[in-house]
Each structure stands twice: as structure tokens, then as C-alpha cells.
Amino acid sequence: MIIKPFSESCEENKAPILAVLEPLLRDCAAVLEVGSGTGQHAVHFAAALPQLVWHTSDVAVHHPGIQMWLDEAGLPNTRAPLALDVVRDAWPELAVDAVYSANTVHIMGWTEVEAFFAGVGKLLSAGGLLVLYGPFNYDGQYSSESNARFDQWLKMRDPRSGIRDFADLNRLAEQAGMQFQHDYTLPVNNRLLVWRKA
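Given the structure is predicted, the values throughout are model-derived calculations rather than measurements.

Draft legend 1. Up close: unusual backbone geometry. Residues other than glycine seldom take positive phi values, yet Asp139 does so here, at roughly 55°. With respect to the helices and strands, Asp139 occurs in the loop between strand 5 (129-134) and helix 5 (145-157). Look at Asp139 and you get exposed, because its relative accessible area is 73%. With phi around 60°, Asn189 is a residue other than glycine that occupies positive phi space.

Below, the structure written as C-alpha cells:
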């Protein structure tokens with residue numbers, strides 16, 4: 001029997017993220033979430049933003065859990081998870097106004113991070129948004145002691161992972177045809193970064 005997954009951090013950060021997302025996505029008709037994880041963000045944001053279609057995606061192992069959250073919520077504007085390993089899978093051919101991803105780039109290896117930005121750049125049309133949530137470094141420095149400890153834990157778990165520096169991500173975004181728009185401060189030393197496709 002599959003047990004519905006639950007993330008404490010998702011529960012804690014969904015309201016602050018939504019407060020920033022709501023005005024950003026007000027005029028959007030469809031969003032692709034890359035790395036939907038448990039599915040908690042998808043149902044919370046889709047319920048609050050009924051005007052847009054929320055496409056979930058992740059590697060296949062997470063699909064049953066995401067589907068459980070979607071089924072329980074029964075929202076008309078969520079879509080079943082798409083198989084998306086940013087390196088191995090072909091990106092879905094979707095018409096979306098934004099791509100949202102939370103707590104993903106520090107778990108990916110750098111090759112995957114490069115593939116993620118390149119894939120988003122190809123998917124988005126002019127004016128489309130990339131919205132990226134998580135902990136980030138600035139000028140090679142941690143923004144807090146807790147982020148430094150978290151980075152150490154990530155690298156012990158997988159040496160290819162780690163908290164990414166904003167400048168490195170911005171370079172990848174620019175290479176993919178996106179321009180930086182905003183950096184929002186969120187609780188617990190997290191940020192929400194926004195780029196717009198030129």
C-alpha cells in the first residue's frame with residue numbers, strides 16, 4: 001500500500017510562497033511545476049489560483065504520491081504528473097506561461113542544473129516566467145549558518161549536490177534567453193528568484 005507522502009517544510013513554506021506567487025501568476029493560464037515532490041505545493045497553489053492549470057512533473061518514482069494528493073484534492077485545474085528527469089526525458093510540449101520549481105537545484109548535480117535552465121528556456125515563450133524557490137548563495141557566501149550546515153549535509157549525501165550561487169544560476173538563465181526580474185526574501189533563509197523570457 002502506498003502511503004500519501006508528507007513534507008513538513010512544504011507545509012511550512014506554502015503560505016509565504018503563495019503570497020509572492022499570487023500577484024506574479026495572476027495573468028497566467030498554465031504553469032509547469034518541475035519537481036513536484038509530494039504534490040503538496042501543487043494542490044495548495046492550484047486551489048488558490050483557480051484561473052490557471054497546474055501541470056505537475058517529477059521523476060516517475062514520485063508520481064504515485066503526487067497523484068494521491070491530486071486525487072484527494074479533486075481540483076479541476078491540476079494535471080497528472082508528467083515524467084520529467086531534466087537530463088534523460090524529453091521536455092513536455094506544453095503551452096505554459098510560467099515554470100515553477102521549489103528546492104530542486106541544490107539536490108541536482110550541476111549537469112542537471114544546466115539541463116534544467118536550458119529546458120525551461122526552450123519551453124517558455126517570450127514573456128514567460130521562471131520562478132525558483134530555495135536557499136541560494138551570493139558572491140560565494142552562505143546567507144546563514146543554517147544554510148552552511150545544510151550545504152554540508154547535502155554534500156555528504158551526494159557530493160554533486162549543494163546550495164547554488166545566484167551568479168552561476170543567473171548566467172545559465174541568460175544563456176537560455178531569460179532576464180532576471182526579482183529576488184524575494186522568504187522565511188527560514190530561503191529566496192524566490194524570478195526570471196522572464198526575453
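Draft legend 2. Inspection of the layout of surface pockets at higher detail. Taken as a whole, the largest pocket holds about 950 Å³ of empty space. Among the secondary structure elements, those contributing two or more residues to the lining of the largest pocket are helix 1 (8-24) and helix 5. Its residues assigned to classes, the lining of the largest pocket shows 16 nonpolar, 15 polar and nine charged.

Draft legend 3. Local environment of the environment of Lys4. Assignment of secondary structure puts Lys4 in the segment before helix 1. Residues Lys4 and Leu75 lie 71 residues apart in sequence; the distance between their C-alpha atoms is 17 Å. For Lys4, the side chain forms a polar contact with the side chain of Glu72, separated by 2.7 Å.

Draft legend 4. A look at the pattern of salt bridges. A complete count under the given rule lists eight salt bridges for this structure. A single salt-bridge network, built from bridges that share partners, covers Glu112, Asp158 and Arg160.

Draft legend 5. Region of interest: the packing of helix 4 (residues 110-123) against helix 6 (residues 166-175). Closest axis-to-axis distance for the helix 4/helix 6 pair is 9 Å, and the angle between their directions is 40°. For the element pair helix 4 / helix 6, the angle class is oblique. You can see that helix 4 and helix 6 cross each other, and the crossing is right-handed. Together, Trp110, Val113, Glu114 and Phe117 of helix 4 and Asp168, Leu169, Arg171, Leu172 and Ala173 of helix 6 make up the contact between the two elements. Residue composition of the contact of helix 4 with helix 6, grouped by class: six nonpolar, no polar and three charged.

Draft legend 6. Main features of the environment of Ser57. Note that Ser57 resides in strand 2 (residues 53-58). Sequence separation of Ser57 and Pro92 is 35 residues, and the distance between their C-alpha atoms is 9.5 Å.

Here is what the cut-offs are and how they apply
- Residues numbered from 1 in each chain as written.
- Predicted model: local features only at pLDDT ≥ 70, side-chain atom pairs only at ≥ 80, totals over all residues.
- Heavy atoms only, no water.
- Helix = DSSP H or I, 4+ residues; strand = E, 2+ residues; numbered from the N terminus.
- Buried < 20%, exposed > 50% of the residue type's maximum accessible area, 1.4 Å probe, protein only.
- 1 Å grid on protein atoms, 1.4 Å probe; cavity = no way out; pocket = protein on both sides within 12 Å on 5 of 7 lines; lining within 4 Å.
- Points joined across faces, edges and corners; volume = space filled by probe spheres on them.
- Nonpolar A, V, L, I, M, F, W, Y, C, P; charged D, E, K, R; others polar.
- Polar contact = N/O pair within 3.5 Å; in protein donor to acceptor, adjacent residues only side chain to side chain.
- Salt bridge = Lys/Arg side-chain N within 4 Å of Asp/Glu carboxyl O.
- Axes fitted to C-alpha atoms, helices over the stretch in contact; angles between N-to-C directions.
- Parallel < 35°, antiparallel > 145°, perpendicular 65-115°, else oblique.
- Left-handed = near helix turned anticlockwise from the far one by under 90°.
- Contact = heavy atoms within 4.5 Å.

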